[in-house]
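What follows is the residue order along each chain.
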Amino acid sequence: MRTPARLLTVALSFAVLFVAGSAAAMADAPTGGAWPDGEKKSTLDLLLVFGGGTLVLFVVVSLFGLLTARNNYVPPSPSTELSTSGDHTPKHR
């Protein structure tokens, strides 16, 4: 599969899912006066809910990345000395 076909597949999948999701969201919308409108949120409340949540998420992910980051292990250089740990010679029958 070539790259343009892959890009077209991704774009088409997004469009189909977007339309299907929008249709489902419109079907769930209340009609008439059955549900009263809720309290209006101020702009500051909306900024705190959406912007603050996003900011906290970035901070938590950054801290997690910093806490789990470590230096790469560099093994010691190879040595020419041989070390043996017991008798490992093959036994012949």
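None of these values were measured; they are calculated from a predicted model.

Participant: Could you give me a rundown of the overall build of the protein chain, with the residues and numbers involved?
Facilitator: Helix and strand counts for the protein chain stand at two helices and zero strands. Expressed as a percentage of the 93 residues in the protein chain, the buried residues total 0%. Split by element, the accessible area of the protein chain, about 9,700 Å² in all, is 67% carbon and sulfur.

Participant: Lay out the packing of aromatic side chains in plain terms, naming residues and giving numbers.
Facilitator: Going through the model one piece at a time under the given rule, you end up with one aromatic pair. For the pair Phe 14 and Phe 18, a centre-to-centre distance of 6.0 Å together with 25 degrees between the ring planes defines the contact as stacked. One end of the pair, Phe 14, and the other, Phe 18, are both in helix H1 (residues 3–27), four residues apart, so they sit about a helical turn from each other. Phe 18 shares its class with Phe 14; the two are exposed.

Participant: Before we move on, can you summarise a nonpolar patch on the surface with the specific residues and values?
Facilitator: Together, Leu 55, Val 59, Leu 63, Leu 66 and Leu 67 line one region of the surface with nonpolar side chains, adding up to about 560 Å² of accessible area. Relative to the helices and strands, Leu 63 resides in helix H2 (residues 43–68).

Participant: Residue-level account of H2, with values.
Facilitator: The end-to-end C-alpha separation of H2 is 37 Å, in line with the 38 Å expected for 26 residues at 1.5 Å each. In the structure, H2 departs most strongly from a straight axis at Gly 52, where the bend amounts to approximately 25 degrees. Of all the 26 residues making up H2, zero are buried; the element is thus mostly uncovered.

Participant: Got a sec to walk through the environment of Thr 9? Specific residues and values, please.
Facilitator: Its place among the elements puts Thr 9 in helix H1. Given a relative accessible area of 42%, Thr 9 falls into the partly exposed group. Polar side-chain contacts of Thr 9 include one of 2.7 Å to the backbone oxygen of Ala 5.

The rules we used
Within each chain, residues carry numbers counting from 1 in the order of the written sequence. Local features are withheld for residues below a pLDDT of 70 in this predicted model, meaning they are given only at 70 or higher, and side-chain atom pairs are given and counted only at 80 or more; totals for whole chains, interfaces and linings count all residues. Heavy atoms from the whole structure form the basis of all side-chain values; hydrogens and water molecules are not counted. Every helix listed is a DSSP run of H or I at least four residues long, and every strand listed is a run of E at least two residues long, numbered separately from the N terminus. Exposure categories follow from relative accessible area, calculated using a 1.4 Å probe and restricted to protein chains: below 20% of the type maximum is buried, above 50% is exposed, and the middle band is partly exposed. Each accessible area value is a Shrake-Rupley result obtained with a 1.4 Å probe; residue values ignore everything except the protein chains displayed when judging cover. Aromatic rings from Phe, Tyr and Trp, taking only the six-membered ring of Trp, are treated as a pair when their centres fall within 6.5 Å; an angle between ring planes under 30 degrees marks them as stacked, one over 60 as edge-to-face, and anything in between as tilted. Exposure above 30% relative accessible area and the absence of a salt bridge qualify a residue for a patch, where like charges join within 9 Å and nonpolar side chains (Val, Leu, Ile, Met, Phe, Trp, Tyr) within 5 Å. What counts as a salt bridge is simple: a side-chain nitrogen of Lys or Arg found within 4 Å of a carboxyl oxygen of Asp or Glu. Each helix should span, by expectation, one fewer than its residue count multiplied by 1.5 Å. Given a residue, its bend is the angle between the two axes fitted to the seven residues that end at it and to the seven that start from it. Throughout this description, a polar contact denotes any pair of N or O atoms lying within 3.5 Å of each other; where both atoms belong to protein, one of them has to be capable of donating a hydrogen while the other can accept it, and for residues adjacent in sequence the pair is counted only when both atoms sit in side chains.

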